[in-house]
Amino acid sequence: MDEHGWLTERFEEHRTRLRAVAYRMLGSVSEAEDAVQDAWLRVSRADTSGVENLGGWLTTVVARGCLNVLRSRERRREEPLDVRMPDPVVGRESGDDPEHAAVLADSVGLALLVVLETLTPAERLAFVLHDMFAVPFDEIAPMVERSPAAARQLASRARRRVRGQAPVPDPDLTRQRAVVDAFFAAARDGDFDGLVAVLHPEVVLRSDGGAGSRHTVVVTGARAVAGQAVTFGRLYPFVRPALVNGAAGVVVAAPDRPLSVMGFTVTGGRIVAVDVLSDAGRLRRLDLAVLDD
């Protein structure tokens, strides 16, 4: 096997990890795929003979590319950060689609990704690489043009925000689904008290309908979210259970088009976060395999 063939095989061995890094950095499935492909184009033209840790080197290449994308995105950003919804990864709850399951395995909780969207590019890189992929600060520091100590501080700031705003979901998917089903049953019946009962007192509903949309809102508190959720009752016939970033969620779809993807974070048997993407343009670009059933 020639050197190019060897490098191709090694790159494919690391592709899943590289895609996971890029998705956590960018919150976009398509941009993550582009970042990995871009890294391959760079790597295929580089001299790798002196590289001792190929996996670490490839991670650095992808991370640097993602950092450039984040900085470019920040410069042209127009919409408020608190309502920017990442691309959800949606799959069948049965998990019977091996190809889609592979993508879903790379995903991370939607509520966590929403919080990552509020970080600066340097904070996001430091947190993702160190806390999620155990990259040492000595290797992170040159990427963000800081000292290792400063890189550590970036990750620390990000970690505090994540801990405060991204609760860890209950591990039992069956229990998650029961709570989400109870939420929609109460919404269908117009049962305000039933809705409040399944919502955490400090629940947050974040909805991204696209720039300038009246559906782009943030609502906090159980009673306020329950008031909004009562209007979801009319959507009940269009709700399809799905895995949204590995957690219980739904796709709301009319006969001819998807209307929204809703991700739920259930902690301690109650809903602490509801994240909704209803931007029609972005929904059309998602891989919504659950709609093929």
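The sections below set out a description of the structure shown in this document.

1. Overview of unusual backbone geometry
Here the phi dihedral of Ala134 falls at roughly 55°; this positive angle occurs in a residue that is not glycine. Although it is not a glycine, Asn245 adopts a positive phi angle of roughly 55°. For Asn245, a relative accessible area of 6% translates into the label buried.

2. Observations concerning the sheet that holds strand β6 (residues 257–267)
The strand order β1-β4-β5-β6-β7-β2-β3 describes an open sheet built from 7 strands, whose pairing is mixed. Each edge of the open sheet carries a strand with a single partner, namely β1 (90–91) and β3 (217–220). Both strand β2 (residues 199–208) and strand β7 (residues 270–277) contribute to a ladder of 6 bridges, which runs parallel. Across the sheet, Leu199 pairs through a bridge with Ile271, a residue of β7. Of the strands in this sheet, β2, β4 (239–244), β5 (247–254), β6 and β7 are in contact with helix α9 (residues 173–189), which crosses β5 at around 40°. On the sheet, helix α11 (residues 222–229) packs against β2 and β3 and is oriented at approximately 50° with respect to β2.

3. Examining the packing of helix α6 (residues 121–133) against helix α7 (residues 137–144)
Close contact between α6 and α7 brings their axes to 10 Å; oriented N to C, the two are set at 155°. Considering their axes alone, α6 and α7 lie roughly antiparallel with respect to each other. α7 is crossed by α6, and the crossing has right-handed handedness. Packed against α6, whose contacting residues are Ala122, Leu125, Ala126, Leu129 and His130, the element α7 presents Phe137, Ile140, Met143 and Val144 at the interface.

4. Details of the pattern of salt bridges
What the rule picks out here adds up to 16 salt bridges. In this structure, the salt-bridge partner of Arg10 is Glu13, at a minimum N-O distance of 2.7 Å. Taken together, the residues Arg10 and Glu13, both in helix α1 (residues 3–26) and 3 residues apart, mark about one turn of the helix. Across the salt bridge formed by Arg282 and Asp87, the nearest N and O atoms sit 2.8 Å from each other. Of this pair, Arg282 sits in helix α12 (residues 280–285) while Asp87 sits in the loop between α3 (54–76) and β1, and the two are 195 residues apart along the sequence. With respect to burial, Arg282 and Asp87 carry one shared label: buried. Linked by salt bridges that have partners in common, Glu31, Arg73, Glu117 and Arg124 make up one network.

Criteria and thresholds
- Residues numbered from 1 in each chain as written.
- Predicted model: local features only at pLDDT ≥ 70, side-chain atom pairs only at ≥ 80, totals over all residues.
- Heavy atoms only, no water.
- Buried < 20%, exposed > 50% of the residue type's maximum accessible area, 1.4 Å probe, protein only.
- Pairing = 2+ DSSP bridges.
- Helix = DSSP H or I, 4+ residues; strand = E, 2+ residues; numbered from the N terminus.
- Contact = heavy atoms within 4.5 Å.
- Axes fitted to C-alpha atoms, helices over the stretch in contact; angles between N-to-C directions.
- Parallel < 35°, antiparallel > 145°, perpendicular 65-115°, else oblique.
- Left-handed = near helix turned anticlockwise from the far one by under 90°.
- Salt bridge = Lys/Arg side-chain N within 4 Å of Asp/Glu carboxyl O.

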